[in-house]
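# Secondary and tertiary structure notes
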Amino acid sequence: RVILQDFTGVPAVVDLAAMRDAMQRLGGDPSKINPLCPVDLVIDHSVQADVFGTPDAAKQNELIEFNRNRERFQFLKWGSKAFDNFKIVPPGSGIVHQVNLEYLARVVFNQDGVLYNDSVVGTDSHTTMINGLGVVGWGVGGIEAESVMLGQTISMVLPEVVGFRLEGALPKHVTATDLVLTCVEMLRKRGVVGKFVEFFGPGVQSLNLADRATISNMAPEYGATMGYFPIDKQTIDYLNLTGRDKAQVELIEKYLREQDLFIKHDGSQKDPVYSGDVMNLDLSSVEPSLSGPKRPHDRVSMSNLQKDFRSGLTAKVGFKGFGLQESEVKKSVKINYQGKDYDLGHGSVVIAAITSCTNTSNPDVMLAAGLVAQKALAKGLSVKPYIKTTLSPGSGVVKKYFDKSGVQDSLDKLGFTIAGYGCMTCIGNSGEIPAEVQDAIIDNDLVASAVLSGNRNFEGRVHPQTRANYLASPPLVVAYALAGRCDIDFETEPIGQGVDGKDVFLRDIWPTRDEVQSMAASCMSSEMFKENYDVILNGSEMWQNLEAPAGKLYTWDEKSTYIHNPPFFKEMGADIKPIKNIEGGHCLLNVGDSITTDHISPAGKIAT
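Thresholds applied
By convention here, each chain's residues receive numbers from 1 onward along its written sequence. Side-chain atom pairs in this predicted model are given and counted only at pLDDT of 80 or more, local residue features only at pLDDT of at least 70, and totals for whole chains, interfaces and linings cover all residues. Side-chain calculation: all heavy atoms of the structure are included, whereas hydrogens and water are not. The helix count covers DSSP runs of H or I at least four residues long, the strand count covers runs of E at least two residues long, and both are numbered beginning at the N terminus. C-alpha atoms define the radius of gyration in this analysis, and the globule rule sets the expected value at 2.2 Å times the number of residues to the power 0.38. Only protein chains enter the accessibility calculation, which uses a 1.4 Å probe; a residue whose area is less than 20% of its type maximum is buried, one above 50% is exposed, and one in between is partly exposed. Think of each axis as a best-fit line through the C-alpha atoms, taken over the contacting stretch in the case of a helix, with angles from 0 to 180 degrees between the N-to-C directions. An angle counts as roughly parallel when it lies under 35 degrees, as roughly antiparallel when it exceeds 145, as roughly perpendicular when it falls between 65 and 115, and as oblique in every other case. Helix crossings fall into two classes, left-handed where the near helix is turned counterclockwise from the far one by less than a right angle and right-handed where it is turned clockwise. Residues count as neighbours in contact if any of their non-hydrogen atoms are within 4.5 Å of one another. Under this grouping Gly is polar, as are all residues other than the nonpolar Ala, Val, Leu, Ile, Met, Phe, Trp, Tyr, Cys and Pro and the charged Asp, Glu, Lys and Arg. In this document the domain limits rely on a domain assignment from an automatic tool or a database. Accessible area that two parts lose when put together, evaluated with a 1.4 Å probe and summed over both, is termed the buried area. What counts as a salt bridge is simple: a side-chain nitrogen of Lys or Arg found within 4 Å of a carboxyl oxygen of Asp or Glu. Here a polar contact is taken to be a pair of N or O atoms separated by no more than 3.5 Å, where protein atoms must pair a possible hydrogen donor with a possible acceptor and residues adjacent in sequence count only if both atoms sit in side chains. Nonpolar cores are built from buried Ala, Val, Leu, Ile, Met, Phe, Trp, Tyr and Cys residues. Side-chain atoms within 4.5 Å join them into one set. Criterion used throughout: strands pair if DSSP finds at least two bridges between them. Only rings of Phe, Tyr and Trp enter the pairing, Trp through its six-membered ring, and a pair is recorded when the two centres are within 6.5 Å. The plane angle decides the type: under 30 degrees is stacked, over 60 is edge-to-face, the rest tilted. Each ring is checked for a lysine NZ or an arginine CZ that lies within 6 Å of its centre and within 35 degrees of its normal; such an atom marks a charge sitting over the ring. Like-charged residues within 9 Å of one another, or nonpolar side chains (Val, Leu, Ile, Met, Phe, Trp, Tyr) within 5 Å, are grouped into patches, provided each residue has over 30% relative accessible area and no salt bridge. In short, Shrake-Rupley with a 1.4 Å probe defines the accessible areas, and a residue's cover is counted only from the protein chains shown. The directions considered for the arc run from the helix axis to the C-beta atoms.

Scanning the chain for helices and strands turns up 21 helices and 21 strands. On C-alpha atoms alone, the chain measures out to a radius of gyration of 24 Å, which is about the 25 Å that the 2.2 N^0.38 rule sets for 608 residues. By principal-axis analysis of the C-alpha atoms, the chain measures approximately 80 × 65 × 50 Å. Counting all 608 residues of the chain, 57% fall into the buried class.

The following block contains the structure:
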C-alpha cells in the first residue's frame, strides 16, 4: 500500500487526474485510471501554530488553515470521491504516521482468503515509524510512490542488515526519547545509510510498542532505510489496545506463528544471523538527553547541555558553534510584554513545543509531560507568557486520555493548550513568535532557543529566529519552558521558586517511569481508539461543509497559482514512443553537507 501526506501527496493526485484527461482524449474510459493498491492520504502538513496558549487555539488555527488551503482541500476532497482505492483522512485528524500506526496499518492483509504481510511506501521520510509495528516500510520520492500506485514494483539492491542488540531495561527516570536520541547517535557513528537495522535481544521485550515506534520513527535521522522491530506479543497487545477487530487480530497472530515470523522471547529461537555486524546497547546506560543545537544526531546529555551550549556560543560557526565574540556572551536585553518587563539573553527559550509523531504517539512520554505540569503547578511554578507554548497531538486519542487522566487542565494552565492536530512546529509550521521577542532577537543578534519533542532541528527549520534548537522528550519540553532558558544545569540550579519561596528542582517535579506507566494503564482503553477512528473519515464540520467539484474528471482552473494540469500527458498518443537518451544533462544543484529540503523548500514560512 501507499501512504501520503498532503504536501507531497497533492502532485501524485494531480498526475492521476491528468492521466484521466489523457484517457478521455484518447477515447478510453477515464474511470479506469485508479490506484492499483490501497492509497491513504492524511492531511497533516497544512495546519500552523498561528494562535497559541488560548482555549480556542485549535479552532482558530483550523479556520486559518482552511482559508489558506481551501483550493488544495477542495481538490483532495474531489479525489477522495473520484478515485477507487483512495482514502482521505481529513485535516484536524492527526499526524500521518500516528494515524498509520493506530488505525491504517493492516500488519497482515486478508484478501479473498489469501493472507500476506502488510508493506508500505510513503512520501514522507518518517514512514519508517510503522517498522515499530513489524511492518516493512520506508519513505520514497513522489515518482516512486506513483509507480507503486500504478502497479509497479520497487527495485533495489539487497541491503545489508545490521543487528542492534538491546539488553537490560531503561532507568526509572529515563524516557523513550532519551533512548532514541542515543540510538541515533550510535547508528550515525556506525554508518547505516542504505541499510536495514533490526532491533533484537532480551531488552526488546521491555519496550512497549510506542517506545519501539519512537525508535523506528527516527530511522532517517540515523540514516537507515528501516529501523525494524519483529512482531511479538507487544505487537498483538497494541493491535488490541488500538481497537482493531478482535477476530482479525487473532488471525494475524495465528498466521505469523505459522510463518515463523513471531518472536517468542522464551529462549526457543536462536538470534538471527545478520549480513552486517551487530551493535549492542545496555538500556540501563541510557541517560536523559537532548539533541542539538543544529542536527538531530548531535546528542548531548542533559547534565552537559549548559557547558555544550555556552562553549558553542564562541566556537567557530558550524554544527555546534555560533561564532560570537567573548564580549557578547553575557548580553542581556529587556523586553516589555503584556505590561511586564522580562530579560532575554543567549539561550532564552522562546518556543516550547510538544509536537511530532515521534513522541505524541507515545502515551508514556505524553503523560509524563502532563505529570510534570501537574507537579509544577502544585509547587506554584509558571511559564513566562512570551514563550510560545504549543501542544499538537498526533491523534484525537491523546486528548481523550489527557482528559481522563486529568493532566490536560495542568498543561492548559502552563500555556500548553492544544493548538491543532498535525505536524505543526516539527516541520516549521510554528507560526510567528511575539513581535517584542522577535525584534529583540534580531536587533541584538541573540542566539534564542527552541525546545521541541520533534525529530529534526536543522537551522532554519523550526523558526527563522531560533538558532539553537533542541530535540527533547515532552516532559523536558515542559521543564525547559518552566526554566525559560536552555543553558540551565538542572542538577545544581533550581527550575524556579515555589509559592513557599523555596527552590524547586527538576527532580522535585519529575515522575518515575512506574508512576507514568501506572497512569497510562488506568486511563488508556481500546474504546478511546474505537470512538476516535470510527468517525475519523467524516472530518470536522468545516471539512464536511467544504464544497468540492464532482465527477470523474477534474475541472482545472487556469487562474490557479497552485494546481495545474501538468504537461506530461497532453501530447501523448496511443502508440508508445521509443525512449530517447538524455543529452546535455547537467547538475541543477550542488550543495554542502547537511543542506536539507528545509533550507531549499521549507514547508513553513520562507523568511524574507
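At a minimum axis distance of 9 Å, the contact between helix 13 (residues 396-405) and helix 19 (residues 526-534) shows a crossing angle of 140 degrees. The pairing of helix 13 with helix 19 is recorded here as oblique in orientation. Crossing of helix 13 over helix 19 shows right-handed handedness. Contacts between helix 13 and helix 19 involve Gly396, Val397, Lys400, Tyr401 and Lys404 from the former and Met528, Phe529, Glu531, Asn532 and Tyr533 from the latter. Taken together, the residues of the contact of helix 13 with helix 19 sort by class into five nonpolar, two polar and three charged.

Take the domain arrangement of the chain next. By the assigned domains, the chain splits into domain 1 (1-156), domain 2 (158-287) and domain 3 (290-527). Taking the mean C-alpha position of each, domain 1 and domain 2 sit 26 Å from one another. If you look at the interface, domain 1 gives 26 residues, while domain 2 gives 29 residues. In total, domain 1 and domain 2 occlude about 2,100 Å² of area from one another, counting both sides; carbon and sulfur atoms represent 63% of this. At the boundary of domain 1 and domain 2, one finds zero salt bridges. Here domain 1 and domain 2 share 13 residue pairs in polar contact (both at pLDDT 80 or more) between them. Only helix 3 (96-104), strand 4 (108-111), strand 5 (114-117) and strand 7 (136-139) provide two or more residues apiece to the side of domain 1 that touches domain 2. Here the element with the most residues in the side of domain 1 that touches domain 2 is helix 3; it accounts for five residues. For the side of domain 1 that touches domain 2, the per-class residue count stands at 14 nonpolar, ten polar and two charged.

Here the focus is the nonpolar core. By size, the foremost hydrophobic cluster in this structure holds 139 residues, and its most contacted members are Phe199, Tyr401, Phe416, Val478 and Ile495. The contact partners of Tyr401, leaving out residues within four places of it in the chain, are Thr360, Asn362, Pro363, Met366, Leu367, Cys523, Met524 and Met528. Val14, Ala18, Ile33 and Phe569 belong to the second-largest nonpolar core, a separate cluster that totals 41 residues.

This model, assessed by the stated rule, comprises 32 salt bridges. Linking Arg513 and Asp211 is a salt bridge whose minimum nitrogen-to-oxygen distance equals 3.0 Å. Residue Arg513 is located in helix 18 (residues 513-523), and its partner Asp211 is located in helix 6 (residues 209-217); the two are separated by 302 residues in the primary sequence. Each member of the pair, Arg513 as well as Asp211, is classed as buried.

Whenever strands of a sheet pair, they do so through backbone hydrogen bonds, lying parallel or antiparallel. Strands sit in the order 3-2-1-6-7 across an open sheet of five strands; the sheet is parallel. Of all the strands in the sheet, just strand 3 (86-89) and strand 7 have a single pairing partner and so form its edges. Averaged over all neighbouring strand pairs, the angle between strand axes comes to 20 degrees, with direction disregarded. Alignment of strand 2 (residues 39-42) against strand 3, held across four bridges, turns out to be parallel. Counterpart to Val42 in the pairing with strand 3 is Val89. Each of strand 1 (2-5), strand 2 and strand 3 touches helix 3; the most contacted strand, strand 1, lies at about 140 degrees to it.

Looking now at the packing of aromatic side chains. Within the structure shown, the criterion is met by 19 aromatic pairs. Each ring, one from Phe164 and one from Phe199, has its centre 5.1 Å from the other, and the planes form 50 degrees; the classification is tilted. Placement of Phe164 in strand 8 (residues 161-167) and of Phe199 in strand 9 (residues 196-200) is noted, with a sequence separation of 35 residues between them. Residue Phe164 is classed as buried on the basis of its relative accessible area of 0%. Assessed through its relative accessible area of 1%, Phe199 is described here as buried. Here a set of aromatic residues connected by ring pairs shows up, and it is made of Phe75, Trp78, Phe83, Phe86, Tyr554 and Trp556. The ring of Trp543 has Lys77 lying over it, and the distance from NZ or CZ to the ring centre is 5.5 Å.

On the surface, Leu588, Leu589, Val591 and Ile595 cluster together to form a nonpolar patch covering roughly 420 Å² of accessible area. With respect to the helices and strands, the residue Leu588 is situated in the loop between helix 20 (541-544) and helix 21 (597-600).

Reading across the sheet, the four strands line up as 10-9-8-11 and stay open at both edges, with parallel pairing between neighbours. In this open sheet, the two edge strands, each paired with only one partner strand, are strand 10 (226-228) and strand 11 (278-282). On average, each strand axis in the sheet is tilted by 20 degrees relative to the strand beside it, whichever way the strands run. The pairing of strand 8 with strand 11 spans five bridges and is classified as parallel. In the strand pairing of strand 11, Leu166 is matched with Leu281. Against the sheet, helix 5 (residues 176-190) makes contact with strand 8, strand 9 and strand 11, and its axis sits at roughly 150 degrees relative to strand 11, the strand it touches most.

Right, let's talk about helix 18 for a bit. Of the positions making up helix 18, those classed as buried are Arg513, Val516, Met519, Ala520 and Cys523. Taken end-on, helix 18 shows its buried residues confined to a sector of 130 degrees, consistent with a single buried face. Projecting away from the buried face of helix 18 at angles above 90 degrees are the exposed residues Ala521 and Ser522. Where helix 18 is buried, its residues meet helix 5, helix 6, helix 12 (363-379), helix 13 and helix 19.

Here Gly292 and Pro293 are connected by a cis peptide whose omega angle stands at 10 degrees. Residues other than glycine seldom take positive phi values, yet His265 does so here, at roughly 60 degrees. Position of His265 among the secondary structure elements: in the loop between helix 9 (246-258) and strand 11. Classification of His265 as partly exposed rests on a relative accessible area of 28%. Look at Met424: it is not a glycine, yet its phi comes out positive at around 50 degrees. Position of Met424 among the secondary structure elements: in the loop between helix 14 (408-413) and helix 15 (435-444). Residue Met424 is classed as buried on the basis of its relative accessible area of 1%.

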